[in-house]
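Residue strings, one per chain:
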Amino acid sequence: MRFAPPDDPAAPLRAAVRYGVIGLIVLAVAGSIIAYLAAGLSGLWGALIGAAVGGGFILFTALSVLFSARYNALTAGALILGGWALKMLLALVVFAVLSNMTFYSQPALAIVVIAALILVLGAETYGVLKQRTPYVTPTREKVISDTNDDEK
């Protein structure tokens, strides 16, 4: 059985983002319900903020890789590095702003952030691995030419 190569080389990245978003939505709903039952309204806020921060942190990386896939290696590397720096800065600002606020449950936030990081990364990995991508195992061919002295 032969599979045709995919028309789009970015299909695995798109699948990773799609599965990551689906996993994040499921986690946000389940985490919010559990946190609300455990800690009330502050637990709900903690879970929602944790899902947004943790899931957004991982999804931002996948989106920056997807966006930079059409550029040359130097530009793509600069975009991914710049995206990483922006992501770190935003995470620091969000946590610095949240540190003085008391309307959310810190344990719920911490648990959902960790769960979001693990779940979204796992969902993205599953999305990439589920895609069928062709690969070729090269074979060594003997090349004989008049100008190649190595073969004589």
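The model shown is predicted, which means the values in this text are computed figures rather than measured ones. (Residues numbered from 1 in each chain as written. Predicted model: local features only at pLDDT ≥ 70, side-chain atom pairs only at ≥ 80, totals over all residues. Heavy atoms only, no water.)

## Here we look at the overall build of the protein chain
Argument step 1. The helix and strand inventory of the protein chain stands at four helices and zero strands.
Argument step 2. Mapped from its N terminus to its C terminus, the protein chain presents α and β elements in the order α-α-α-α.
Argument step 3. The buried share among the 152 residues of the protein chain stands at 28%.
Argument step 4. In the protein chain, once contacts between residues fewer than 6 apart in sequence are set aside, the share between residues at least 24 apart is 78%.
Argument step 5. For the protein chain, the accessible surface area stands at approximately 10600 Å², while carbon and sulfur atoms represent 69% of it. (Helix = DSSP H or I, 4+ residues; strand = E, 2+ residues; numbered from the N terminus. Buried < 20%, exposed > 50% of the residue type's maximum accessible area, 1.4 Å probe, protein only. Contact = heavy atoms within 4.5 Å. Areas by Shrake-Rupley, 256 points an atom, 1.4 Å probe, with all protein chains shown as cover.)

## Focus: the nonpolar core
The nonpolar side chains of a soluble globular protein tend to be buried with one another.
Argument step 1. Listed in full, the twelve residues of the largest apolar core are L24, L27, A28, A35, A47, A51, I58, L59, A108, V112, A116 and V120.
Argument step 2. When residues of this core are traced back to their parent elements, those giving at least two are α1 (11-39), α2 (41-68) and α4 (106-130).
Argument step 3. Once residues lying within four places of it in the same chain are set aside, the contact partners of V112 are L27, A47, G50 and A51.
Argument step 4. One finds V53, L98, Y104 and V113 within the second-largest nonpolar core, a separate group that totals six residues. (Core = buried A, V, L, I, M, F, W, Y, C linked by side-chain atoms within 4.5 Å.)

## Regarding α1
Argument step 1. Counted at 1.5 Å a residue, the expected span for α1 with its 29 residues is 42 Å, and the 41 Å between its end C-alpha atoms agrees.
Argument step 2. Along α1, the residues that are buried comprise P12, A15, A16, V17, G20, G23, L24, L27, A28, G31, S32 and A35.
Argument step 3. Residues of α1 that are buried sit in contact with α2 and α4.
Argument step 4. G40 lies just past α1 and shows a positive phi near 80°. (Expected span 1.5 Å × (residues − 1).)

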